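An overview of the molecular structure
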Amino acid sequence: MGISFSGRTGRAPVRHFYTRDSWIDGRAEDQLAQVAGWSGMQSVAGFPDLHPGKFGPVGAAFLADRIYPQLVGTDIGCGMGLWRLDLPRRKLKLDKAAKRLEVLERGTDPAQAADALAAAGLTGQIGEAGLGTIGGGNHFCELQTVEETDGTAGLHKGDLCLLVHSGSRGYGAQIFDGLEDSWKAGFDPQSAAGNAYLALHARAVAWARLNRRLIAETAADALGTTVTPLCDSVHNSVVAHQGHWLHRKGAAEADRGLVPLAGSREAPSFLLALPDTVPEALSSVSHGAGRRYDRASMHGRVRKVRSELEALTRTRFGGRVICHDRDLLIEEAGPAYKAPEAVLADLTAFGLATPLARMVPLITYKTSGGQR
DNA sequence: ATGTAC
């Protein structure tokens, strides 16, 4: 028994929006319960892509009367954007396109980056380095083709799309790392520290959004075409929500209409429509399939012989994976992820989402760089 | 997650 002076005492309610059909790591559920006991926590929602994270689980939303930067993490503003490519499938030569996407390695050139940042209202102390680059980990730029759709989102069967998963690169990390350790672990939103963090957080979100757009535009330009934006959804952030602070960690915004649900290089992705009619889901929804196996354990699941590594660069859709970093190729292999179909089935069963389109990967671009 | 800490 204890006394808390910050609103709710005791454990916040935890709602999970998944069934036993979506494989959930018990350690992630332990993390969910643990965070529900943090000071000022009001309500917690876990989604079917739930998996363990560093300070708390990924694939969850947390409503609190305090701000917890560590729940957002270092990659403030990370998200997924989907663009339709103005290029017919028949004009696409896979290997040639894969080669052309190597321009993504360079990022936006400094002069153009400065202009783009200024146009986005981002001036002053702000990182230009890294703008227009994908980054590491689970980030990618994926060329996909629409296999199935009802046409309502302006997509048609056979259309080409770009799904970009990236974030605020060094800029967001610099903001998080610059916080006092005690602030990382939570602070009062009314404090000067709270306001300073929220201002920097807003800049990182804008930076990350711009980054995804520049990646899509650069990729389209390299392929000799242009893009039309469909949606862009942030999944690492904190925003004001019903008089409290809503933290999303690997959870997409369900109050902005459409979001992409990323599959993997070996599984389809979906475009979702979101009714946002279930208050306990905290206006949030899954951002992807979610990890099944952690990075370290993936190394024990792949035999490091040339034939097996080579096989990881070809997908069951006849697609290509461009990843010249051997460790990353293994850690992000298809089997590392849950089945997005199971995640989608749970989301629809709980009334959180309706699929509008199903896309399969043709080129999953990670990096042309060497080993790490 | 990070022009990466140990």
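Residues numbered from 1 in each chain as written. Chains lettered and ligands numbered in written order. Predicted model: local features only at pLDDT ≥ 70, side-chain atom pairs only at ≥ 80, totals over all residues. Heavy atoms only, no water.

- Named according to an unreviewed UniProt entry, chain A is 3'-phosphate/5'-hydroxy nucleic acid ligase originating from Thioclava litoralis.
- Under Catalytic activity (unreviewed entry), UniProt gives the following word-for-word description of chain A: "a 3'-end 3'-phospho-ribonucleotide-RNA + a 5'-end dephospho-ribonucleoside-RNA + GTP = a ribonucleotidyl-ribonucleotide-RNA + GMP + diphosphate".
- Quoted straight from UniProt, the Cofactor (unreviewed entry) entry for chain A says "Mn(2+)". (UniProt positions renumbered as here; feature names shortened; annotations may be inferred.)

Some details on the nonpolar core
- Of all hydrophobic cores here, the largest spans 25 residues; its most connected members are Leu85, Leu92, Leu104, Cys141, Leu162 and Ile363.
- Counting residues per element, the ones that place at least two in this core are β4 (79–85), α3 (94–100), β5 (140–149), β6 (160–166), α7 (192–222) and β15 (354–367).
- Ignoring anything within four residues of it in the chain, the contact list for Leu92 reads Leu87, Ala97, Leu143, Leu160 and Leu362. (Core = buried A, V, L, I, M, F, W, Y, C linked by side-chain atoms within 4.5 Å. Buried < 20%, exposed > 50% of the residue type's maximum accessible area, 1.4 Å probe, protein only. Helix = DSSP H or I, 4+ residues; strand = E, 2+ residues; numbered from the N terminus. Contact = heavy atoms within 4.5 Å.)

Notes on empty space enclosed by the protein
- The final tally for this structure, using the stated rule, is one cavity of 30 Å³ or more.
- One number sums up the size of the largest cavity: a volume of about 60 Å³.
- What lines the largest cavity is Ala254, Asp276, Thr277, Val278, Ala281, Ser283, Ser284, Val285, Gly351 and Leu352.
- Here the lining of the largest cavity is built from residues that sort into five nonpolar, four polar and one charged. (1 Å grid on protein atoms, 1.4 Å probe; cavity = no way out; pocket = protein on both sides within 12 Å on 5 of 7 lines; lining within 4 Å. Points joined across faces, edges and corners; volume = space filled by probe spheres on them. Nonpolar A, V, L, I, M, F, W, Y, C, P; charged D, E, K, R; others polar.)

Observations concerning the confidence of the model for chain A
- On average, residues of chain A score 94 in pLDDT, and 97% of them reach the 70 mark or higher.
- Between residues 1–5, whose pLDDT stays under 50, and residues either more than four places distant or in other chains, the model counts two contacts. (pLDDT = per-residue confidence, 0-100.)

Points about the sheet that holds strand β8 (residues 236–241)
- Ordered by their spatial adjacency, five strands build an open sheet running β1-β2-β3-β9-β8, and the pairing between neighbours is mixed. Two strands bound the open sheet, and with one partner strand each, they are β1 (14–16) and β8. Strand-to-strand twist across the sheet, computed as the mean angle between neighbouring axes with direction ignored, equals 15°.
- In this sheet, strand β3 (residues 58–64) lies alongside strand β2 (residues 41–51) in antiparallel orientation, the contact comprising six bridges. From the neighbouring strand, Ala45 faces β3, where its bridge partner is Ala61.
- Contacts from helix α1 (residues 26–35) reach β1, β2 and β3 within the one sheet, and its direction differs from that of β2 by about 170°. (Pairing = 2+ DSSP bridges. Axes fitted to C-alpha atoms, helices over the stretch in contact; angles between N-to-C directions.)

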